[in-house]
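# Working through the structure, step by step
Below are the chains, spelled out letter by letter.
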Amino acid sequence: MPGSVGLLGGTFDPPHNGHVRVAQDVRQGLGLDCVLLIPVRVPPHKRTARVTPAALRLEMVRAAVADAPGLDVSEIELEREGPSYTVDTLRRLGDERPDTDLTCIVGADQLAEMADWKEPEEISALARLAVMNRGDLAPVEPDWDITLEWTAVSVTPLDVSSTQIRSMVAEGRPVGHLVPAGVLRIIEREKLYCNG
Ligand code: ATP
């Protein structure tokens, strides 16, 4: 069982080279044993757009990390009914792996939003918080009333997002340079994103 684990949650619809790259950079930058990619459950009433079924997003994340040493996948948020709250995930992982140091990884775009997350201060009590730059957006201390300790971690910005990939596939443009080969095979096999 690894001693230090980073947790990167996301919709991963689909996972792309940017996800793999930042997970590898954070792992290396913070000297973690492993980074877990955690596909989040998207409850039907919260869907603003169509979201690919969880089983396929999970299969794609598995394919994305297959050739990436030190990266792995956790199904923890898909196994649980109800909304996925980070604090609950950390509590469960902490119970399952009491000797593991947990690091919660978020993008600079998400830091200010954390004030609205469930029990944000408890999150920073249960895990280290690592905030990565998103493109040129570097993390800055938000103007907030809570006290959260966080560490900036520098990642190589790759100009790619899942939204961009879904649009490109819908327009019939190739995306093989933006996603790992195994992910591309699943997108093609399942004809994902063809209708926007
Ligand atoms: P979408 O376009 O559907 O919103 P996304 O590409 O942002 O998706 P998510 O699944 O929401 O992907 O991302 C999970 C995590 O990975 C988030 O913390 C997000 O900030 C981060 N992330 C995604 N793409 C990049 C990227 N190119 N560079 C740095 N961080 C990224």
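Heads up: these notes are all about the structure in this document. (Residues numbered from 1 in each chain as written. Predicted model: local features only at pLDDT ≥ 70, side-chain atom pairs only at ≥ 80, totals over all residues. Heavy atoms only, no water.)

### Here's the deal with the pairing of strand S5 (residues 128-132)
Under the convention used in this document: Buried residues are those whose accessible area, probed at 1.4 Å on protein chains only, stays under 20% of the maximum for their type, while exposed residues exceed 50% and partly exposed ones sit between those limits. Secondary structure follows DSSP: runs of H or I at least 4 residues long count as helices, runs of E at least 2 residues long count as strands, and numbering of each begins at the N terminus. Two strands pair under a simple rule: DSSP has to find at least two bridges between them.
In terms of burial, S5 is largely enclosed, as four of its five residues are buried. Examined bridge by bridge, strand S4 (residues 101-107) and S5 share five bridges and lie parallel to one another. Within the sheet, the bridge partner assigned to Ile105 lies in S5 and is Ala130. The pairing of S5 with strand S6 (residues 151-153) spans three bridges and is classified as parallel. The residue bridging Val131 from the neighbouring strand is Ala152, located in S6.

### So, the pattern of salt bridges
Just so we agree on the cut-off: The term salt bridge refers to a pairing of a side-chain nitrogen on Lys or Arg with a carboxyl oxygen on Asp or Glu at a separation within 4 Å.
All chains considered together, the criterion is met by 11 salt bridges. Asp88 serves as the salt-bridge partner of Arg91, at 3.6 Å between the closest nitrogen and oxygen. With Arg91 and Asp88 both in helix H4 (residues 86-96) and three residues apart, this pair spans about one turn of that helix. Given the relative accessible area of 32%, Arg91 is considered partly exposed. When salt bridges that share partners are traced, they join Asp88, Arg91, Lys118 and Glu119 into one network.

### Looking at the nonpolar core
Test applied: Buried Ala, Val, Leu, Ile, Met, Phe, Trp, Tyr and Cys residues that are joined via side-chain atoms within 4.5 Å together make up what is termed a nonpolar core. Whether two residues are in contact is decided by their heavy atoms: any pair within 4.5 Å suffices.
Counting 36 residues, the largest nonpolar core has Leu8, Val35, Leu37 and Met132 as the members making the most contacts within it. For this core, the elements supplying multiple residues, two or more each, are helix H1 (17-30), strand S2 (34-39), helix H2 (54-65), strand S3 (71-73), S5, helix H7 (162-170) and helix H8 (181-190). Top element by residues in this core is H2. It accounts for six residues. Setting aside its immediate chain neighbours within four residues, Leu37 contacts Leu8, Phe12, Ala23, Val61, Val65, Asp72, Val73 and Ser74. Counting 22 residues, the second-largest nonpolar core is a separate cluster that includes Cys34, Ile38, Leu90 and Ala127.

### With respect to the site of the ligand
Selection criterion: Here a residue counts as near a molecule or strand whenever at least one of its heavy atoms sits within 4 Å of it. Here a polar contact is taken to be a pair of N or O atoms separated by no more than 3.5 Å, where protein atoms must pair a possible hydrogen donor with a possible acceptor and residues adjacent in sequence count only if both atoms sit in side chains. Each residue is assigned to one class: nonpolar for Ala, Val, Leu, Ile, Met, Phe, Trp, Tyr, Cys and Pro, charged for Asp, Glu, Lys and Arg, and polar for all the others, Gly among them.
For the ligand, the set of nearby residues contains 19 residues, the closest of which are His16, His19, Leu158, Ser162 and Thr163. One of the backbone nitrogen or oxygen atoms of Phe12 is found 3.0 Å away from an oxygen atom of the ligand. Elements with a minimum of two residues in the shell around the ligand: strand S1 (4-10), H1, helix H5 (108-111) and H7. For the shell around the ligand, a count of residues per class yields six nonpolar, 10 polar and three charged.

### With respect to unusual backbone geometry
Negative phi values dominate among residues other than glycine, just as trans dominates among peptide bonds. For the bond running from Asp13 to Pro14, omega is 0 degrees, close enough to zero to count as cis. You can see Pro14 is positioned in the loop between S1 and H1. Positive phi values are uncommon outside glycine, yet Glu119 reaches one of about 50 degrees. When you line up the elements, Glu119 lands in the loop between H5 and helix H6 (120-126). Judged by its relative accessible area of 34%, Glu119 is partly exposed.

### Remarks on H7
Heads up, the condition is: The reported arc concerns the directions from the helix axis to the C-beta atoms and nothing else.
Taken as a whole, H7 has its buried residues at Ser162, Ile165, Met168 and Val169. Projected onto a plane normal to the axis of H7, the buried residues spread over an arc of 125 degrees and lie on a single side. Buried residues along H7 sit against H1 and H8. Looking one or two places after H7, you find Gly172, whose phi comes out positive at around 75 degrees.

By themselves, these figures tell us nothing about what the structure is for.
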